[in-house]
Amino acid sequence: MNAAVATSVFGAFMVATVALGLLAVRGRGNRGRDGLAEWSVGGRSLGTVFIWVLMAGEGYTSFSYLGAAGWGYNYGAPVLYVVAYMSCGYAVGYVVGPMLWAYARRHGLVGITDMVAHRFGRPWLGALVALLATVFLLPYIQLQITGMGVVVSTISYGAISLNWAYFIAFAVTTGFVVVSGLRGSAWVSVLKDVLVIATLGFLALYVPMHYFDGYGPFLDRLVTEKSEWLTFPGHGDSGLGQAWFITTSFLNSLTVVIFPTTAAGYLGAKNADVLRRNAMWLPAYNVLLFVPMLLGMAALFVVPGLVGAESNLALFKLVVDSLPAWAVGVIGVAAALSSIVPMAVFMLVIGTMWGRSVLSLVPRWEQRQKGAAQTVVVAAGVIALVLTYTAPNTLVRLSLISYEGMAQLLPMVLLGLMWRRLTLLGAMAGLVVGVGVVCGFVFTGNDPVWGVNAGIVALGANLAVALAVTYAGPREHDDRPDGDVLARDEREERRETAESRKPELSGVGVSEASDAPAGA
């Protein structure tokens, strides 16, 4: 009976989710390149509220809902890096977001692969970056499939096996993103955020009161019995000390602003001021992240003995063991939507990168970019599903692998769009070295390395090689003006345009004009 009630609630919300996605794109079925822009970046017309919930959804996924609780359960204090890097990343995004938005808007671009190809004037470079970004995005899609699968299996009280739950997660999300695109994800994000705020607010009060008679007794037990979880490097021989925390927070705060899914949120905005406002408001959303972290440590006393990937169940074990089935279903919906929205955006971004930068190089696909992108979405989902079955891992570990790999694109994307001297050869050499170093550390089990995040060591090598090759080699010849190559804030562009159009003042010398007030 419990399984029937919980899964019925869950199923009803899933139908409503797909219906909401279809409603969002009604009447917007364009074809060709315009159709791809509408599907992938919402026609560049999303306002403040939709961008806020969409980008909040980027930061609040099943990784946060379940993975943060799991790492709180396993290690404790090191999981606070999530709050640190996201808050710092929003600050970086306040500057970088409007620059990327203006650059893409000016040149009709829809993603970072487009930007790189345009910056260096090499269409094949966009295809290469699309391939590399896909490799490092797949673990994040696997993360969301794993998270939603855990939710579906748990709220069904075991009636749905974990393997079937993974497939359900894949099927629902793939169908949703193919038909709804970015605009549908933004609409569903509103529903998701309402449920997430309500359910986490409830659990923050309910769990300590139900299991410990209040926060006082709970925190007293935590300090007395589990003090190791409250200091670095946390519980066990994790190697996640202060140096790891600082380097991981720094690396991720830079990487998140060029993450293809973050860029999709940037490019979907109708103007750059929307992005600035969101950069100021989004850190407030991070307060919610403390709830699953704390509840993960509460689970140490209620459901001890979870090991490995089982730690992802820490939060939901508390829910299923004490709440009525209908409440379990509602909380399951909130967690599932925290998987669907970001997974949809990740799959959409992969499809867009391939449709625009890879398959568009094939003549017969040039005018069918949206269809090509949707086909790639399905293929990417299938690969991630297979990886979920064959190479399971904890949610946080999957997130870290994605960020460490994607960080190696920082010199090519961010430095390249701000510094014209960077050459293609230098950027490529640095990228090869960076990816090689990070893969060597991660896949040999040496992350952290020397107590720091392996990704930042690889990024240091990447940047050093890129600069060395750039300065040692010849300057590249490019006749395009700086304004066509480099990314700048649109406010600066408007100011320069206004200055160039300002009529010359007769009878005023150059030196006098330069001393005149700005408003003269």
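Residues numbered from 1 in each chain as written. Predicted model: local features only at pLDDT ≥ 70, side-chain atom pairs only at ≥ 80, totals over all residues. Heavy atoms only, no water.

1. Some thoughts on the overall build of the chain
1) Next: In terms of helices and strands, the chain carries 23 helices and zero strands.
2) Next: Counting every position in the chain, which comprises 520 residues, the buried fraction comes to 58%.
3) Next: Considering only intrachain contacts with a sequence separation of at least 6, the fraction spanning at least 24 residues in the chain is 85%.
4) Next: Total accessible area computed for the chain in this model is approximately 20200 Å², and 66% of it derives from carbon and sulfur atoms. (Helix = DSSP H or I, 4+ residues; strand = E, 2+ residues; numbered from the N terminus. Buried < 20%, exposed > 50% of the residue type's maximum accessible area, 1.4 Å probe, protein only. Contact = heavy atoms within 4.5 Å. Areas by Shrake-Rupley, 256 points an atom, 1.4 Å probe, with all protein chains shown as cover.)

2. Description of the nonpolar core
Burial of nonpolar side chains together is a common tendency in soluble globular proteins.
1) Next: Counting residues in hydrophobic clusters, the biggest one holds 144 residues, and the most contacted among them are Ile 141, Ile 145, Leu 409 and Met 412.
2) Next: With near-sequence residues (within four places) excluded, Leu 409 lies in contact with Ile 112, Val 129, Leu 132, Ile 258, Leu 414 and Leu 431. (Core = buried A, V, L, I, M, F, W, Y, C linked by side-chain atoms within 4.5 Å.)

3. Section: the packing of helix 18 (residues 410–418) against helix 20 (residues 454–472)
1) Next: Between helix 18 and helix 20, the shortest axis-to-axis distance is 10 Å and the interhelical angle comes to 55°. When the axes of helix 18 and helix 20 are compared, the pair comes out oblique. Along this stretch, helix 18 crosses helix 20, giving a crossing that reads as right-handed. For the pair helix 18 and helix 20, contact is made by Leu 410, Pro 411 and Leu 415 and by Leu 459, Asn 462, Leu 463 and Leu 467, respectively.
2) Next: Tallied by class, residues from the contact of helix 18 with helix 20 come to six nonpolar, one polar and no charged. (Axes fitted to C-alpha atoms, helices over the stretch in contact; angles between N-to-C directions. Parallel < 35°, antiparallel > 145°, perpendicular 65-115°, else oblique. Left-handed = near helix turned anticlockwise from the far one by under 90°. Nonpolar A, V, L, I, M, F, W, Y, C, P; charged D, E, K, R; others polar.)

4. A look at the side chain of Gln 408
1) Next: Checked against the element boundaries, Gln 408 lands in the loop between helix 17 (395–406) and helix 18.
2) Next: Excluding residues that lie within four positions of it along the chain, Gln 408 makes contacts with Leu 431, Gly 434, Val 435, Val 438, Gly 455, Ala 458, Leu 459 and Asn 462.

5. Some words on the pattern of salt bridges
1) Next: In this structure the tally under the stated criterion is five salt bridges.
2) Next: Taking the shortest distance from any N to any O, the salt bridge between Asp 478 and Arg 480 comes out at 2.8 Å.
3) Next: When salt bridges that share partners are traced, they join Arg 420, Asp 478, Arg 480 and Asp 482 into one network. (Salt bridge = Lys/Arg side-chain N within 4 Å of Asp/Glu carboxyl O.)

6. Digging into helix 6 (residues 112–120)
1) Next: Judged by how many residues are buried, helix 6 sits mostly within the fold: nine of nine residues are covered.
2) Next: Within the sequence span of helix 6, burial applies to Ile 112, Thr 113, Asp 114, Met 115, Val 116, Ala 117, His 118, Arg 119 and Phe 120.
3) Next: Following helix 6 by one or two positions, Gly 121 adopts a phi angle in the positive range, close to 65°.

7. Focus on the packing of helix 11 (residues 260–267) against helix 15 (residues 325–358)
1) Next: Between helix 11 and helix 15, whose axes approach to 9 Å, the crossing angle comes to 85°. As the angle between them shows, helix 11 and helix 15 are arranged roughly perpendicular. Between helix 11 and helix 15, the residues in contact are Pro 260, Thr 261 and Ala 264 and Val 345, Phe 346, Val 349 and Met 353, respectively.

8. Overview of the side chain of Asp 447
1) Next: With respect to the secondary-structure elements, Asp 447 resides in the loop between helix 19 (424–443) and helix 20.
2) Next: A polar contact of 3.1 Å, which involves the side chain of Asp 447, links it to the backbone nitrogen of Ala 454. (Polar contact = N/O pair within 3.5 Å; in protein donor to acceptor, adjacent residues only side chain to side chain.)

9. So, helix 10 (residues 242–255)
1) Next: Compared with an ideal rise of 1.5 Å per residue, which puts 14 residues at 20 Å, helix 10 spans 20 Å between its outermost C-alpha atoms and is within 8% of the ideal.
2) Next: Buried residues of helix 10: Trp 244, Phe 245, Thr 247, Thr 248, Ser 249, Leu 251, Asn 252, Ser 253 and Thr 255, and no others. (Expected span 1.5 Å × (residues − 1).)

10. Quick word on the packing of aromatic side chains
1) Next: Scanning the entire structure with this criterion turns up 17 aromatic pairs.
2) Next: Pairing Phe 259 with Tyr 403 gives two aromatic rings, centres 4.7 Å apart and planes at 25°, and the pair type is stacked. With Phe 259 in the loop between helix 10 and helix 11 and Tyr 403 in helix 17, this pair connects stretches of sequence that are 144 residues apart. Grouping residues by exposure puts Phe 259 and Tyr 403 together as buried.
3) Next: Three or more aromatic residues joined by ring pairs make a cluster, and in this case those are Trp 71, Tyr 75, Tyr 81, Tyr 85, Trp 244, Phe 259, Phe 346 and Tyr 403. (Phe/Tyr/Trp six-rings, centres within 6.5 Å; stacked < 30°, edge-to-face > 60°.)

11. Thoughts on the confidence of the model for the chain
1) Next: Mean pLDDT for the chain: 82, with 82% of residues reaching 70 or above.
2) Next: By mean pLDDT, the top-scoring element of the chain is helix 20 (96), and the lowest-scoring one is helix 23 (residues 510–515) (41).
3) Next: Taken together, the stretch residues 30–34 has pLDDT below 50 and engages in eight contacts with residues farther than four places along the chain or on a different chain.
4) Next: A low-confidence stretch, residues 504–520 stays under pLDDT 50, and its non-local contacts, those more than four residues away or across chains, total three contacts. (pLDDT = per-residue confidence, 0-100.)

12. Notes on the environment of Val 110
1) Next: Its place among the elements puts Val 110 in the loop between helix 5 (81–107) and helix 6.
2) Next: Taking the C-alpha atoms as reference points, Val 110 and Gly 268, separated by 158 residues in sequence, lie 8.9 Å from one another.

13. As for a nonpolar patch on the surface
1) Next: A contiguous nonpolar surface patch, about 410 Å² in accessible area, is contributed by Tyr 94, Val 95, Met 280 and Trp 281.
2) Next: Of all elements in the fold, only helix 5 and helix 12 (272–285) reach the threshold of two or more residues within the nonpolar patch.
3) Next: Here Trp 281 is to be found in helix 12.
4) Next: Its relative accessible area of 43% is what places Trp 281 among the partly exposed residues. (Patch = residues over 30% accessible without salt bridge, like charges linked within 9 Å, V, L, I, M, F, W, Y side chains within 5 Å.)

14. Digging into unusual backbone geometry
1) Next: Cis geometry marks the peptide bond from Phe 232 to Pro 233; its omega dihedral reads 5°.
2) Next: Locating Pro 233 in the fold gives a position in the loop between helix 9 (215–225) and helix 10.
3) Next: Cis geometry is adopted by the peptide bond preceding Pro 448, which originates at Asp 447 and carries an omega value of 5°.
4) Next: Locating Pro 448 in the fold gives a position in the loop between helix 19 and helix 20.
5) Next: Here the phi dihedral of Asp 213 falls at roughly 65°; this positive angle occurs in a residue that is not glycine.
6) Next: Considering the arrangement of structural elements, one finds Asp 213 in the loop between helix 8 (162–212) and helix 9.
7) Next: At Trp 450, a residue that is not glycine, the phi angle is positive and equals roughly 55°.
8) Next: Here Trp 450 lies in the loop between helix 19 and helix 20.

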